[in-house]
Amino acid sequence: MRTRPTLTWSPSGPSLPRTTTLTDVVPIVADGGVLVLSGAGLSTESGIPDYRGEGGSLRKHTPMTYEEFTTSAAGRQRYWARSHVGWRTIARARPNAGHHAVARLAPVLAGVITQNVDGLHQAAGSRDVVELHGGLDRVICLSCRTLSPRLGLDRRLREANPDFAATTDEINPDGDVNLAEEAVRGFEVVGCTECGGVLKPDVVFFGENVPRPRVEQCYALVDNARALLVLGSSLTVMSGLRFVRRAAAAGLPVVIINRGETRGDPFASLRVDLPLGQSLTELADAVDEGRLPPPQVDE
């Protein structure tokens, strides 16, 4: 069973109080055992816009859905033409200060779950990252389930479409872009090199369920954590919100650092409205200072 995609969410009721200081966040993180749940807002400073922020791509772009991709050859052609362009930007993106700060916080973290598909946590040095929605750096065959690198597919698509020269300055968090229909028309899609089957990026499309073993892995991380730190996510999609709900139900401190309100605000013990890169760098600096050994006293 696949769910219908949740694309938007509107706050109901009065806004809950938020702070613009890290004063109460530092001791929670410094105590250790913190599980990070990150969203698209963490990657905006790397040049990848989020879905729902002030300049979010959902204001002018409807993401590809699993149903359309699997049932429509024209939909797949349109997706791969646009994603072929978008992949170049994703592949060039570099981790920003926020990603590097999360990597620095590794000694006090219980793990990292990311809703992003851009691989920037790993590029910044974070290890054992759970990619909740998969990764754009690989593709999967829907017939034989073979996984292969996206770079190989990119080369094959270039060879199959030598005259394709579409470009764009606008990209979406899933690597998709907006292209005119005439630019898409005639784009040749290639199949699996093993069986000729349909290739799909190894990401969870809107309307597609996150694999159950991955969900259970994330639940286990929540259950073994001492606190949950949400970074740059509106938590509109239930795939991420459920972990916030689980943490809150278990009595764990839930800290959300995000620009603007989120669907998880009612479950948070602390809501911080600050830019991610600067605030996470300051947080990592403060934790580092608190973890330094006391100075040696000469006898």
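This text goes with the structure placed above it.
Let me sum up the structure you'll find in this document. Since the structure is predicted, the reported quantities are computational estimates derived from the model, not experimental observations. (Residues numbered from 1 in each chain as written. Predicted model: local features only at pLDDT ≥ 70, side-chain atom pairs only at ≥ 80, totals over all residues. Heavy atoms only, no water.)

1. Remarks on the sheet that holds strand β2 (residues 109-114)
Within a sheet, neighbouring strands are paired by backbone hydrogen bonds and run either parallel or antiparallel to one another.
Okay, so step 1: The parallel open sheet is built from six strands, whose spatial order is β3-β2-β1-β7-β8-β9. The open sheet is flanked by β3 (129-131) and β9 (270-272), the only strands paired with a single partner. Each strand axis lies, on average, 15° off the axis of its neighbour in the sheet, ignoring direction.
Okay, so step 2: Pairing geometry for strand β1 (residues 34-38) and β2, over five bridges, is parallel. Opposite valine 36, over in β2, you have valine 112 as the bridge partner.
Okay, so step 3: Against the sheet, helix α8 (residues 212-223) contacts β1, β2 and β3, and its axis sits at roughly 140° relative to β3.
Okay, so step 4: Along the sheet, helix α9 (residues 238-249) makes contact with β1, β7 (227-231) and β8 (254-257), crossing β7 at roughly 150°. (Pairing = 2+ DSSP bridges. Helix = DSSP H or I, 4+ residues; strand = E, 2+ residues; numbered from the N terminus. Axes fitted to C-alpha atoms, helices over the stretch in contact; angles between N-to-C directions. Contact = heavy atoms within 4.5 Å.)

2. Brief notes about the packing of α8 against α9
Okay, so step 1: In the contact formed by α8 and α9, the axes pass within 10 Å of each other and the chain directions differ by 30°. Pair α8 / α9 crosses with right-handed handedness. In this structure, α8 contributes Arg212, Val215, Cys218, Tyr219, Val222 and Asp223 to the contact, and α9 contributes Arg242, Phe243, Arg246 and Ala247.
Okay, so step 2: For the contact of α8 with α9, a count of residues per class yields six nonpolar, no polar and four charged. (Left-handed = near helix turned anticlockwise from the far one by under 90°. Nonpolar A, V, L, I, M, F, W, Y, C, P; charged D, E, K, R; others polar.)

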